[in-house]
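Here is what each chain is made of, one letter per residue.
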Amino acid sequence: MAKEKTVPVSSIKSMAGAILTFKLPLKIKHLDGTETEVEITAKAMRKSEWAALRDAHGKVEQVETEDGEKPRFSFVNVVVGDTRKAGELIAQCATGWDLSDPFTAESIAELEDTFGGTLARFLSDYDAAIFHGRLGN
């Protein structure tokens, strides 16, 4: 029996032909323990581009009252502010999803408000795809 030659599935001849988007499955966990999967179309960014975007969105805004005092801590302000920022960040690194809802920063934030932890999972999965070349689990 003749030995078969292995053939690479794909090869790189130039970096100019890189893909522009890729599908990123996102598991959404329900409070009853069940899971749903949403497929997000993510932008294929360079590591340096994604790092710069993460840095820009990671800056903490210092807010003071008019009399110079620190504002009183509020869980609502933290949750709403963090969810809004994460929704804006994801809207910049993805182009759509397979939900019937429009893909906007507001609807992404609504997804997090309804299914807590979803946006952190997306950002972790996207980081793994961009920084380490891993997609999926």
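See the structure shown above.
Residues numbered from 1 in each chain as written. Predicted model: local features only at pLDDT ≥ 70, side-chain atom pairs only at ≥ 80, totals over all residues. Heavy atoms only, no water.

What about the packing of aromatic side chains?
For step 1, the next point in the chain: Per the counting criterion, the structure on display carries four aromatic pairs.
For step 2, the next point in the chain: A centroid spacing of 4.5 Å and a plane angle of 75 degrees characterise the contact between W50 and Y126, whose relative ring orientation is edge-to-face. Residue W50 is found in helix α1 (residues 47-58), and its partner Y126 is found in helix α4 (residues 118-132); the two are separated by 76 residues along the sequence.
For step 3, the next point in the chain: Under the relative-accessibility criterion, Y126 is labelled buried at 0%.
For step 4, the next point in the chain: Aromatic pair F122 and Y126: ring centres 5.8 Å apart, planes at 20 degrees, arrangement stacked. Placement of both F122 and Y126 in helix α4 is noted, with a separation of four residues, approximately one turn of the helix.
For step 5, the next point in the chain: An aromatic cluster of at least three residues, connected via ring pairs, comprises F22, W50, F122 and Y126. (Phe/Tyr/Trp six-rings, centres within 6.5 Å; stacked < 30°, edge-to-face > 60°. Helix = DSSP H or I, 4+ residues; strand = E, 2+ residues; numbered from the N terminus. Buried < 20%, exposed > 50% of the residue type's maximum accessible area, 1.4 Å probe, protein only.)

Concerning the sheet that holds strand β2 (residues 35-43)
For step 1, the next point in the chain: Strand order in this open sheet of three strands is β1-β2-β3, and the pairing throughout is antiparallel. Because the sheet does not close on itself, it has two edges, and the strands there are β1 (21-29) and β3 (94-97). When strand polarity is set aside, the average angle formed by the axes of neighbouring strands in this sheet is 30 degrees.
For step 2, the next point in the chain: Relative to β2, β1 runs antiparallel, the two sharing nine bridges. (Pairing = 2+ DSSP bridges. Axes fitted to C-alpha atoms, helices over the stretch in contact; angles between N-to-C directions.)

Here's the deal with the nonpolar core
Soluble, globular proteins show a tendency: their nonpolar side chains are buried together.
For step 1, the next point in the chain: Within the largest apolar cluster, 25 residues are counted, with the highest numbers of intra-cluster contacts made by F22, I40, W50, I90, W97, F122 and Y126.
For step 2, the next point in the chain: Those elements giving two or more residues to this core turn out to be β1, β2, α1, α2 (75-93), β3, α3 (105-114) and α4.
For step 3, the next point in the chain: Per-element tally for this core: the top contributor is α4, with six residues. (Core = buried A, V, L, I, M, F, W, Y, C linked by side-chain atoms within 4.5 Å.)

No statement about biological role is implied by the geometric values presented.
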